[in-house]
Amino acid sequence: MKKEILKYMNEIQNELVDIRRELHSIPELSMQEYLTCNTIKKYLNSIDGIEVRSIEGQTGLVGILQGEKKGSGKCVMLRADMDALPITESNDCEYRSLTEGMMHACGHDAHMTWLLGSAMILSKLKERFSGTVKFVFQPAEETGAGAKLMISNGVLECPYVDTVIGAHCFPEYQAGKIIIPAKTAFSATRPFSIIVEGRGGHGSWPDKCIDPIAVSTQIYNGLQQIVSRKLNPMEPAVLTIGSIHAGPIDKGNIIPNTCTMKGTLRHTAKEGLESMINNVDSMVYNMAKANGAMANVVWSNGVNHVINDKECTEIIYNSTVQLLHRENVEYSHESYLGGEDFCFYSEERKSAYFFVGCVPLENVGKVSLHSCDFRICENILSKISGIFAMTAVNILNGNKHPF
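Residues numbered from 1 in each chain as written. Predicted model: local features only at pLDDT ≥ 70, side-chain atom pairs only at ≥ 80, totals over all residues. Heavy atoms only, no water.

1. Quick look at the environment of Gly107
Part 1 of the reasoning: As for its position among the elements, Gly107 is in the loop between β3 (75-81) and α3 (108-123).
Part 2 of the reasoning: When the C-alpha positions of Gly107 and Ile165 are compared, they lie 17 Å apart, and in sequence the two are 58 residues distant.
Part 3 of the reasoning: In contact with Gly107, not counting residues within four places along its chain, are Cys169 and Phe374. (Helix = DSSP H or I, 4+ residues; strand = E, 2+ residues; numbered from the N terminus. Contact = heavy atoms within 4.5 Å.)

Given below as C-alpha coordinates:
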(Lines give C-alpha, C1' and ligand atoms only; values in the text may rest on other atoms or scores of the structure.)
Protein backbone atom coordinates (compact mmCIF):
# COMPACT_ATOMS: atom_id res chain seq x y z
CA MET A 1 0.00 0.00 0.00
CA LYS A 2 2.78 2.44 0.91
CA LYS A 3 4.57 1.99 -2.41
CA GLU A 4 1.36 2.47 -4.35
CA ILE A 5 0.39 5.65 -2.51
CA LEU A 6 3.89 7.09 -2.89
CA LYS A 7 3.74 6.31 -6.61
CA TYR A 8 0.38 8.03 -7.04
CA MET A 9 1.55 11.00 -4.93
CA ASN A 10 4.43 11.51 -7.32
CA GLU A 11 2.20 11.16 -10.37
CA ILE A 12 -0.34 13.79 -9.31
CA GLN A 13 1.94 16.44 -7.77
CA ASN A 14 2.22 18.63 -10.87
CA GLU A 15 -1.52 18.41 -11.51
CA LEU A 16 -2.22 19.41 -7.93
CA VAL A 17 -0.02 22.49 -8.31
CA ASP A 18 -2.05 23.54 -11.35
CA ILE A 19 -5.33 22.94 -9.50
CA ARG A 20 -4.21 24.87 -6.45
CA ARG A 21 -3.14 27.82 -8.59
CA GLU A 22 -6.46 27.83 -10.40
CA LEU A 23 -8.34 27.84 -7.10
CA HIS A 24 -6.04 30.49 -5.65
CA SER A 25 -6.80 32.85 -8.52
CA ILE A 26 -10.59 32.71 -8.01
CA PRO A 27 -11.16 33.46 -4.31
CA GLU A 28 -14.75 33.88 -3.13
CA LEU A 29 -16.15 34.93 0.22
CA SER A 30 -18.26 32.82 2.57
CA MET A 31 -21.49 31.50 1.03
CA GLN A 32 -20.48 32.94 -2.34
CA GLU A 33 -18.19 30.09 -3.47
CA TYR A 34 -20.14 29.33 -6.68
CA LEU A 35 -17.23 29.38 -9.13
CA THR A 36 -15.09 27.49 -6.62
CA CYS A 37 -17.83 24.87 -6.26
CA ASN A 38 -18.14 24.43 -10.03
CA THR A 39 -14.36 24.09 -10.35
CA ILE A 40 -14.23 21.42 -7.65
CA LYS A 41 -17.18 19.62 -9.23
CA LYS A 42 -15.34 19.56 -12.57
CA TYR A 43 -12.38 17.76 -11.03
CA LEU A 44 -14.48 15.39 -8.90
CA ASN A 45 -16.45 14.33 -11.98
CA SER A 46 -13.20 13.41 -13.71
CA ILE A 47 -12.18 10.94 -10.96
CA ASP A 48 -13.23 7.34 -11.51
CA GLY A 49 -15.80 6.00 -9.05
CA ILE A 50 -16.72 9.32 -7.40
CA GLU A 51 -20.39 10.11 -6.89
CA VAL A 52 -20.86 13.87 -6.66
CA ARG A 53 -23.60 15.31 -4.47
CA SER A 54 -24.45 19.00 -4.55
CA ILE A 55 -26.51 20.85 -1.98
CA GLU A 56 -29.39 22.60 -3.66
CA GLY A 57 -29.03 26.36 -3.56
CA GLN A 58 -25.76 26.16 -1.61
CA THR A 59 -22.06 25.98 -2.42
CA GLY A 60 -21.17 22.90 -0.38
CA LEU A 61 -20.15 19.79 -2.28
CA VAL A 62 -19.65 16.12 -1.39
CA GLY A 63 -17.80 13.41 -3.27
CA ILE A 64 -18.47 9.79 -2.30
CA LEU A 65 -16.20 6.84 -3.04
CA GLN A 66 -17.21 3.29 -2.21
CA GLY A 67 -14.52 0.77 -1.35
CA GLU A 68 -14.76 -2.61 -3.06
CA LYS A 69 -13.17 -4.78 -0.37
CA LYS A 70 -15.44 -6.71 1.97
CA GLY A 71 -15.33 -5.37 5.47
CA SER A 72 -16.98 -3.34 8.21
CA GLY A 73 -18.85 -0.83 6.08
CA LYS A 74 -17.58 2.17 8.03
CA CYS A 75 -17.50 5.67 6.58
CA VAL A 76 -14.68 8.21 6.89
CA MET A 77 -15.29 11.87 6.10
CA LEU A 78 -12.36 13.98 4.88
CA ARG A 79 -13.11 17.69 5.03
CA ALA A 80 -11.73 20.83 3.36
CA ASP A 81 -12.98 24.42 3.61
CA MET A 82 -13.56 26.60 0.54
CA ASP A 83 -13.97 30.28 1.37
CA ALA A 84 -11.48 33.11 1.00
CA LEU A 85 -11.00 36.38 2.90
CA PRO A 86 -11.64 40.08 2.17
CA ILE A 87 -7.92 40.83 1.78
CA THR A 88 -6.06 42.37 -1.16
CA GLU A 89 -3.18 40.10 -2.14
CA SER A 90 0.33 41.56 -2.23
CA ASN A 91 2.08 38.52 -3.70
CA ASP A 92 3.40 39.12 -7.19
CA CYS A 93 2.86 35.81 -8.94
CA GLU A 94 1.19 34.66 -12.13
CA TYR A 95 -1.66 32.98 -10.25
CA ARG A 96 -2.41 35.81 -7.79
CA SER A 97 -6.03 36.63 -7.02
CA LEU A 98 -8.00 37.89 -10.00
CA THR A 99 -10.51 39.57 -7.69
CA GLU A 100 -9.44 42.80 -6.04
CA GLY A 101 -10.03 42.75 -2.31
CA MET A 102 -10.31 38.96 -2.03
CA MET A 103 -7.60 36.40 -1.37
CA HIS A 104 -7.01 32.85 -0.23
CA ALA A 105 -4.96 34.04 2.73
CA CYS A 106 -5.78 31.10 4.99
CA GLY A 107 -4.72 28.18 2.80
CA HIS A 108 -8.17 26.94 1.87
CA ASP A 109 -7.06 26.68 -1.76
CA ALA A 110 -4.46 24.14 -0.62
CA HIS A 111 -7.00 22.34 1.58
CA MET A 112 -9.35 21.82 -1.37
CA THR A 113 -6.47 20.73 -3.57
CA TRP A 114 -5.06 18.07 -1.28
CA LEU A 115 -8.55 16.72 -0.69
CA LEU A 116 -8.97 16.34 -4.45
CA GLY A 117 -5.57 14.64 -4.48
CA SER A 118 -6.69 12.15 -1.84
CA ALA A 119 -9.75 11.36 -3.96
CA MET A 120 -7.49 10.74 -6.97
CA ILE A 121 -5.33 8.36 -4.94
CA LEU A 122 -8.14 6.50 -3.23
CA SER A 123 -10.04 6.01 -6.49
CA LYS A 124 -7.07 3.93 -7.67
CA LEU A 125 -7.11 1.93 -4.42
CA LYS A 126 -10.82 1.29 -4.00
CA GLU A 127 -10.37 -2.47 -4.30
CA ARG A 128 -7.99 -2.30 -1.31
CA PHE A 129 -10.36 -0.89 1.31
CA SER A 130 -13.86 -1.49 2.64
CA GLY A 131 -16.51 1.06 3.50
CA THR A 132 -16.96 4.57 2.19
CA VAL A 133 -14.99 7.80 1.96
CA LYS A 134 -16.79 11.14 1.86
CA PHE A 135 -14.82 14.08 0.46
CA VAL A 136 -16.53 17.17 1.88
CA PHE A 137 -15.89 20.64 0.46
CA GLN A 138 -17.42 23.00 2.99
CA PRO A 139 -18.29 26.68 2.50
CA ALA A 140 -18.17 29.49 5.06
CA GLU A 141 -15.61 28.30 7.57
CA GLU A 142 -14.45 31.88 8.12
CA THR A 143 -17.90 32.91 9.36
CA GLY A 144 -18.42 29.75 11.40
CA ALA A 145 -21.63 28.93 9.51
CA GLY A 146 -20.55 26.31 6.99
CA ALA A 147 -20.20 23.18 9.12
CA LYS A 148 -23.65 23.64 10.68
CA LEU A 149 -25.08 24.11 7.20
CA MET A 150 -23.49 20.91 5.94
CA ILE A 151 -24.67 18.96 8.99
CA SER A 152 -28.21 20.27 8.60
CA ASN A 153 -28.11 19.04 4.99
CA GLY A 154 -27.21 15.53 6.14
CA VAL A 155 -23.48 15.37 5.44
CA LEU A 156 -22.96 13.09 8.47
CA GLU A 157 -25.64 10.66 7.27
CA CYS A 158 -26.39 8.48 4.22
CA PRO A 159 -24.08 6.75 4.80
CA TYR A 160 -23.53 7.38 8.49
CA VAL A 161 -20.12 8.96 9.11
CA ASP A 162 -18.02 7.28 11.80
CA THR A 163 -14.89 9.45 11.71
CA VAL A 164 -14.04 12.96 10.49
CA ILE A 165 -10.52 14.11 9.60
CA GLY A 166 -9.37 17.66 8.79
CA ALA A 167 -6.12 19.58 8.37
CA HIS A 168 -4.89 23.16 8.05
CA CYS A 169 -1.87 24.93 6.59
CA PHE A 170 0.23 26.33 9.42
CA PRO A 171 3.09 28.78 8.70
CA GLU A 172 4.56 28.36 12.18
CA TYR A 173 6.19 25.14 10.97
CA GLN A 174 8.50 24.21 8.12
CA ALA A 175 6.92 22.79 4.98
CA GLY A 176 6.46 19.04 5.26
CA LYS A 177 6.23 18.91 9.05
CA ILE A 178 3.01 17.40 10.40
CA ILE A 179 1.88 18.58 13.84
CA ILE A 180 -0.89 16.65 15.59
CA PRO A 181 -2.48 18.30 18.64
CA ALA A 182 -2.58 15.69 21.37
CA LYS A 183 -5.89 17.01 22.68
CA THR A 184 -7.13 20.54 21.92
CA ALA A 185 -6.71 21.55 18.29
CA PHE A 186 -8.60 24.86 18.53
CA SER A 187 -9.98 27.08 21.25
CA ALA A 188 -13.50 28.36 21.73
CA THR A 189 -14.17 31.81 20.28
CA ARG A 190 -16.79 34.53 20.67
CA PRO A 191 -16.95 37.59 18.39
CA PHE A 192 -18.50 40.73 19.85
CA SER A 193 -19.37 44.34 19.13
CA ILE A 194 -19.44 47.19 21.64
CA ILE A 195 -21.63 50.20 20.85
CA VAL A 196 -20.89 53.22 23.02
CA GLU A 197 -23.61 55.89 22.94
CA GLY A 198 -22.67 59.39 23.99
CA ARG A 199 -23.93 62.84 22.96
CA GLY A 200 -22.46 64.39 19.86
CA GLY A 201 -21.77 68.00 19.03
CA HIS A 202 -19.22 70.52 17.81
CA GLY A 203 -15.56 69.80 18.51
CA SER A 204 -15.13 73.30 19.93
CA TRP A 205 -17.47 72.54 22.86
CA PRO A 206 -16.56 69.10 24.18
CA ASP A 207 -17.90 70.08 27.61
CA LYS A 208 -21.41 70.11 26.18
CA CYS A 209 -20.98 66.61 24.77
CA ILE A 210 -20.39 63.09 26.01
CA ASP A 211 -17.54 61.99 23.78
CA PRO A 212 -18.02 58.30 22.88
CA ILE A 213 -14.46 58.13 21.52
CA ALA A 214 -12.99 59.16 24.87
CA VAL A 215 -15.22 56.64 26.65
CA SER A 216 -14.31 53.91 24.16
CA THR A 217 -10.62 54.61 24.76
CA GLN A 218 -11.08 53.97 28.46
CA ILE A 219 -13.07 50.82 27.73
CA TYR A 220 -10.39 49.61 25.31
CA ASN A 221 -7.62 50.07 27.88
CA GLY A 222 -9.71 48.40 30.57
CA LEU A 223 -10.44 45.39 28.37
CA GLN A 224 -6.72 44.76 27.99
CA GLN A 225 -6.49 44.10 31.72
CA ILE A 226 -9.04 41.30 31.72
CA VAL A 227 -6.56 38.70 30.47
CA SER A 228 -3.65 39.98 32.57
CA ARG A 229 -5.57 40.65 35.81
CA LYS A 230 -8.83 38.68 35.83
CA LEU A 231 -7.91 35.27 34.41
CA ASN A 232 -5.81 32.32 35.48
CA PRO A 233 -2.36 33.06 33.97
CA MET A 234 -1.80 29.34 33.39
CA GLU A 235 -4.66 29.16 30.88
CA PRO A 236 -4.08 30.62 27.39
CA ALA A 237 -6.53 33.37 26.44
CA VAL A 238 -6.75 36.28 24.02
CA LEU A 239 -8.93 39.39 23.88
CA THR A 240 -8.47 41.40 20.70
CA ILE A 241 -10.17 44.56 19.46
CA GLY A 242 -9.68 44.59 15.70
CA SER A 243 -11.90 47.50 14.66
CA ILE A 244 -12.85 50.90 16.11
CA HIS A 245 -15.01 53.38 14.24
CA ALA A 246 -16.69 56.66 15.05
CA GLY A 247 -17.75 59.70 13.06
CA PRO A 248 -17.12 60.71 9.44
CA ILE A 249 -13.67 59.84 8.13
CA ASP A 250 -13.13 63.27 6.54
CA LYS A 251 -14.06 65.54 9.48
CA GLY A 252 -12.16 66.32 12.66
CA ASN A 253 -14.43 68.89 14.27
CA ILE A 254 -17.42 66.65 14.95
CA ILE A 255 -17.91 64.73 18.17
CA PRO A 256 -20.06 61.78 17.09
CA ASN A 257 -22.98 60.25 18.92
CA THR A 258 -21.64 56.70 18.89
CA CYS A 259 -18.44 54.70 18.67
CA THR A 260 -18.35 51.03 17.73
CA MET A 261 -15.65 48.49 18.52
CA LYS A 262 -15.45 44.93 17.23
CA GLY A 263 -13.36 42.18 18.73
CA THR A 264 -12.96 38.53 19.61
CA LEU A 265 -12.38 36.38 22.69
CA ARG A 266 -10.39 33.14 22.65
CA HIS A 267 -9.96 30.67 25.50
CA THR A 268 -8.99 27.02 25.75
CA ALA A 269 -11.46 26.25 28.56
CA LYS A 270 -15.23 26.67 28.56
CA GLU A 271 -15.30 28.12 32.07
CA GLY A 272 -12.55 30.58 31.17
CA LEU A 273 -14.46 31.83 28.15
CA GLU A 274 -17.59 32.33 30.26
CA SER A 275 -15.55 34.31 32.77
CA MET A 276 -14.18 36.54 29.99
CA ILE A 277 -17.69 37.22 28.69
CA ASN A 278 -18.92 38.22 32.16
CA ASN A 279 -15.91 40.48 32.70
CA VAL A 280 -16.37 42.23 29.36
CA ASP A 281 -20.06 42.85 30.03
CA SER A 282 -19.35 44.26 33.49
CA MET A 283 -16.41 46.44 32.49
CA VAL A 284 -18.13 47.95 29.46
CA TYR A 285 -21.34 48.78 31.35
CA ASN A 286 -19.60 50.31 34.38
CA MET A 287 -17.04 52.38 32.47
CA ALA A 288 -19.73 53.82 30.23
CA LYS A 289 -21.96 54.59 33.23
CA ALA A 290 -19.08 56.32 35.05
CA ASN A 291 -18.71 58.68 32.09
CA GLY A 292 -22.39 59.41 31.66
CA ALA A 293 -22.62 57.31 28.51
CA MET A 294 -24.43 54.12 27.66
CA ALA A 295 -22.87 51.00 26.15
CA ASN A 296 -24.11 47.68 24.90
CA VAL A 297 -22.17 44.49 24.12
CA VAL A 298 -23.59 42.40 21.28
CA TRP A 299 -22.31 38.82 21.29
CA SER A 300 -22.24 36.81 18.06
CA ASN A 301 -22.23 33.05 17.71
CA GLY A 302 -18.71 31.72 17.84
CA VAL A 303 -17.29 28.23 17.70
CA ASN A 304 -16.49 25.73 20.42
CA HIS A 305 -13.31 23.84 21.23
CA VAL A 306 -12.03 21.22 18.80
CA ILE A 307 -10.96 18.22 20.88
CA ASN A 308 -9.04 15.48 19.07
CA ASP A 309 -9.98 11.86 19.60
CA LYS A 310 -6.94 9.94 20.90
CA GLU A 311 -7.44 6.90 18.65
CA CYS A 312 -7.84 9.10 15.57
CA THR A 313 -4.66 11.03 16.30
CA GLU A 314 -2.75 7.78 16.68
CA ILE A 315 -3.94 6.57 13.28
CA ILE A 316 -2.95 9.89 11.65
CA TYR A 317 0.45 9.69 13.34
CA ASN A 318 1.07 6.12 12.24
CA SER A 319 -0.18 6.80 8.72
CA THR A 320 2.18 9.78 8.41
CA VAL A 321 5.12 7.74 9.68
CA GLN A 322 4.33 5.10 7.07
CA LEU A 323 4.67 7.64 4.28
CA LEU A 324 6.97 10.43 5.43
CA HIS A 325 9.11 8.92 8.22
CA ARG A 326 8.98 9.56 11.95
CA GLU A 327 11.09 12.74 11.98
CA ASN A 328 8.43 14.59 9.97
CA VAL A 329 5.57 14.17 12.43
CA GLU A 330 5.11 15.07 16.08
CA TYR A 331 2.45 15.47 18.70
CA SER A 332 1.91 18.92 20.15
CA HIS A 333 0.73 19.66 23.68
CA GLU A 334 0.48 23.41 23.05
CA SER A 335 -2.82 25.25 23.17
CA TYR A 336 -3.88 26.90 19.91
CA LEU A 337 -6.09 29.96 20.09
CA GLY A 338 -7.42 29.82 16.56
CA GLY A 339 -11.06 28.92 16.01
CA GLU A 340 -12.62 26.38 13.62
CA ASP A 341 -16.18 25.36 12.89
CA PHE A 342 -14.81 21.82 12.55
CA CYS A 343 -15.93 21.73 16.20
CA PHE A 344 -19.49 21.02 15.08
CA TYR A 345 -18.34 17.80 13.41
CA SER A 346 -16.19 16.79 16.37
CA GLU A 347 -19.14 17.24 18.72
CA GLU A 348 -21.08 14.70 16.67
CA ARG A 349 -18.47 12.13 15.64
CA LYS A 350 -15.00 10.84 16.49
CA SER A 351 -12.57 13.20 14.81
CA ALA A 352 -9.09 14.62 14.63
CA TYR A 353 -7.51 17.72 13.14
CA PHE A 354 -3.84 18.24 12.33
CA PHE A 355 -1.58 21.06 11.19
CA VAL A 356 0.62 21.14 8.10
CA GLY A 357 3.88 23.09 8.01
CA CYS A 358 3.68 25.08 4.80
CA VAL A 359 6.55 27.58 4.48
CA PRO A 360 10.33 27.34 3.90
CA LEU A 361 12.45 27.09 7.03
CA GLU A 362 13.71 30.66 6.62
CA ASN A 363 10.12 31.99 6.62
CA VAL A 364 8.85 30.14 9.68
CA GLY A 365 7.18 32.68 11.93
CA LYS A 366 7.64 35.49 9.39
CA VAL A 367 4.37 35.08 7.51
CA SER A 368 0.94 34.71 9.01
CA LEU A 369 -2.43 33.30 8.19
CA HIS A 370 -4.86 36.06 7.15
CA SER A 371 -2.03 38.25 5.85
CA CYS A 372 -1.80 39.75 2.36
CA ASP A 373 1.56 38.05 1.70
CA PHE A 374 0.59 34.55 2.85
CA ARG A 375 2.04 31.94 0.50
CA ILE A 376 2.60 28.20 0.77
CA CYS A 377 5.24 25.76 -0.46
CA GLU A 378 3.37 23.77 -3.08
CA ASN A 379 5.45 20.64 -2.56
CA ILE A 380 3.25 19.78 0.43
CA LEU A 381 0.14 19.16 -1.69
CA SER A 382 0.63 15.55 -2.76
CA LYS A 383 2.14 14.66 0.63
CA ILE A 384 -1.00 15.67 2.47
CA SER A 385 -3.14 13.96 -0.16
CA GLY A 386 -1.20 10.80 0.64
CA ILE A 387 -1.62 11.22 4.39
CA PHE A 388 -5.38 11.65 4.01
CA ALA A 389 -5.55 8.59 1.76
CA MET A 390 -3.42 6.40 4.05
CA THR A 391 -5.35 7.54 7.13
CA ALA A 392 -8.70 6.78 5.50
CA VAL A 393 -7.58 3.30 4.43
CA ASN A 394 -6.17 2.48 7.87
CA ILE A 395 -9.39 3.61 9.59
CA LEU A 396 -11.67 1.73 7.21
CA ASN A 397 -9.60 -1.46 7.28
CA GLY A 398 -9.18 -1.33 11.05
CA ASN A 399 -5.40 -0.85 10.90
CA LYS A 400 -4.81 1.08 14.12
CA HIS A 401 -1.16 0.03 14.26
CA PRO A 402 -0.27 -0.65 10.61
CA PHE A 403 3.42 -1.48 11.04
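Having seen the structure, we can now continue with the description.
2. Some thoughts on helix α5 (residues 212-230)
Part 1 of the reasoning: Between its first and last C-alpha, α5 extends 25 Å over 19 residues, near the 27 Å set by a 1.5 Å rise per residue.
Part 2 of the reasoning: Among the residues making up α5, those that are buried are Pro212, Val215, Ser216, Ile219, Gly222, Leu223 and Ile226.
Part 3 of the reasoning: On its buried face, α5 sits against β8 (188-197), β10 (237-245), β11 (254-255), β12 (258-267) and α6 (270-290). (Expected span 1.5 Å × (residues − 1). Buried < 20%, exposed > 50% of the residue type's maximum accessible area, 1.4 Å probe, protein only.)

3. Focus: helix α7 (residues 310-324)
Part 1 of the reasoning: For α7, with 15 residues, the first-to-last C-alpha span of 21 Å sits near the 21 Å given by 1.5 Å per residue.
Part 2 of the reasoning: In terms of residue burial, α7 counts as a mostly covered element, since twelve of its 15 residues are buried.
Part 3 of the reasoning: Along α7, the residues classified as buried are Cys312, Thr313, Ile315, Ile316, Tyr317, Asn318, Ser319, Thr320, Val321, Gln322, Leu323 and Leu324.
Part 4 of the reasoning: Taken together, the buried residues of α7 touch α1 (2-24), β5 (163-174), β6 (178-181), β15 (329-332), β16 (350-359) and α9 (381-396).
Part 5 of the reasoning: N-cap assignment for α7: the residue whose side-chain oxygen lies 3.1 Å from the backbone N of Glu311 is Asp309.
Part 6 of the reasoning: Looking one or two residues past α7, His325 carries a phi angle of roughly 80 degrees, positive in sign. (Polar contact = N/O pair within 3.5 Å; in protein donor to acceptor, adjacent residues only side chain to side chain.)

4. Section: the pattern of salt bridges
Part 1 of the reasoning: In the structure shown here, the tally under the stated rule is 15 salt bridges.
Part 2 of the reasoning: We note a salt bridge from Glu314 to Lys310, for which the minimum N-O separation is 2.7 Å. Pair noted here: Glu314 and Lys310 are both in helix α7, with a separation of four residues, about one helical turn.
Part 3 of the reasoning: For Glu314, a relative accessible area of 26% puts it in the partly exposed group.
Part 4 of the reasoning: Judged by relative accessible area, which is 58%, Lys310 ranks as exposed. (Salt bridge = Lys/Arg side-chain N within 4 Å of Asp/Glu carboxyl O.)

5. A look at the sheet that holds strand β2 (residues 61-66)
Part 1 of the reasoning: Pairing within the open sheet is mixed, and its eight strands lie in the order β1-β2-β4-β3-β5-β16-β6-β15. Every other strand in the sheet has two partners, leaving β1 (50-54) and β15 as the edge strands with one partner each. Across the sheet, the mean angle separating the axes of adjacent strands is 25 degrees when strand polarity is ignored.
Part 2 of the reasoning: Sheet analysis places β6 next to β16, joined by two bridges and oriented antiparallel. Across the sheet, residue Ile179 finds its bridge partner in β16, namely Phe355.
Part 3 of the reasoning: Sitting on the sheet, α3 touches β1, β2, β3, β4 (132-138), β5 and β16, and the angle it makes with β3 is about 150 degrees. (Pairing = 2+ DSSP bridges. Axes fitted to C-alpha atoms, helices over the stretch in contact; angles between N-to-C directions.)

6. A few points about the sheet that holds β10
Part 1 of the reasoning: Taken together, four strands build an open sheet; the order of strands is β10-β12-β8-β13 and the sheet is antiparallel. Each edge of the sheet is formed by a strand with only one pairing partner; in this case those strands are β10 and β13 (294-299). Between one strand axis and the next, the sheet turns through 20 degrees on average, direction left out of account.
Part 2 of the reasoning: On top of the sheet, α5 reaches β8, β10 and β12; it is set at about 165 degrees to β10, its chief contact.
Part 3 of the reasoning: Seen against the sheet, α6 touches β8, β10, β12 and β13 and runs at an angle of roughly 160 degrees to β13.

7. Observations regarding the side chain of Glu378
Part 1 of the reasoning: The residue Glu378 is located in the loop between β16 and α9 in this model.
Part 2 of the reasoning: Owing to a relative accessible area of 13%, Glu378 belongs among the buried residues under this scheme.
Part 3 of the reasoning: Leaving out residues up to four positions away in the same chain, Glu378 has contacts with Gln13, Val17, Arg20, Arg21 and Tyr95.

8. Describing the packing of aromatic side chains
Part 1 of the reasoning: If you walk through the whole model with that rule in mind, you get twelve aromatic pairs.
Part 2 of the reasoning: Relative to Trp299, the ring of Phe192 has its centre 5.2 Å away and its plane inclined at 50 degrees; by these criteria the two rings are tilted. Here Phe192 is found in strand β8, whereas its partner Trp299 is found in strand β13, with 107 residues between them in sequence.
Part 3 of the reasoning: Residue classification places Phe192 among the buried residues on the basis of a relative accessible area of 2%.
Part 4 of the reasoning: Ring geometry for Phe354 against Phe388: centres 5.7 Å apart, planes inclined by 45 degrees, an arrangement best described as tilted. Residue Phe354 is located in strand β16, and its partner Phe388 is located in helix α9; the two are separated by 34 residues in the primary sequence.
Part 5 of the reasoning: Phe354 sits in the buried class, given a relative accessible area of 1%.
Part 6 of the reasoning: Within the aromatic cluster, the residues linked to one another by ring pairs are Phe170, Tyr173, Phe186, Tyr336, Phe342, Tyr345, Tyr353 and Phe355. (Phe/Tyr/Trp six-rings, centres within 6.5 Å; stacked < 30°, edge-to-face > 60°.)

9. Describing the pairing of β12
Part 1 of the reasoning: Sheet analysis places β8 next to β12, joined by ten bridges and oriented antiparallel. Bridged to Val196 within β12 is Cys259.
Part 2 of the reasoning: Judged from the eight bridges that link them, β10 and β12 form a sheet pairing that is antiparallel. Directly across from His245, in β12, lies its bridge partner Thr260.

10. Quick notes on the packing of α1 against α3
Part 1 of the reasoning: At a minimum axis distance of 9 Å, the contact between α1 and α3 shows a crossing angle of 145 degrees. As for the relative orientation of α1 and α3, their crossing is right-handed in sense. Between α1 and α3, the residues in contact are Ile5, Tyr8, Met9, Ile12, Glu15, Leu16, Ile19, Arg20, Leu23 and His24 and Asp109, Ala110, Met112, Thr113, Leu116, Gly117, Met120 and Ile121, respectively.
Part 2 of the reasoning: Across the contact of α1 with α3, the residue classes break down as twelve nonpolar, three polar and three charged. (Left-handed = near helix turned anticlockwise from the far one by under 90°. Nonpolar A, V, L, I, M, F, W, Y, C, P; charged D, E, K, R; others polar.)

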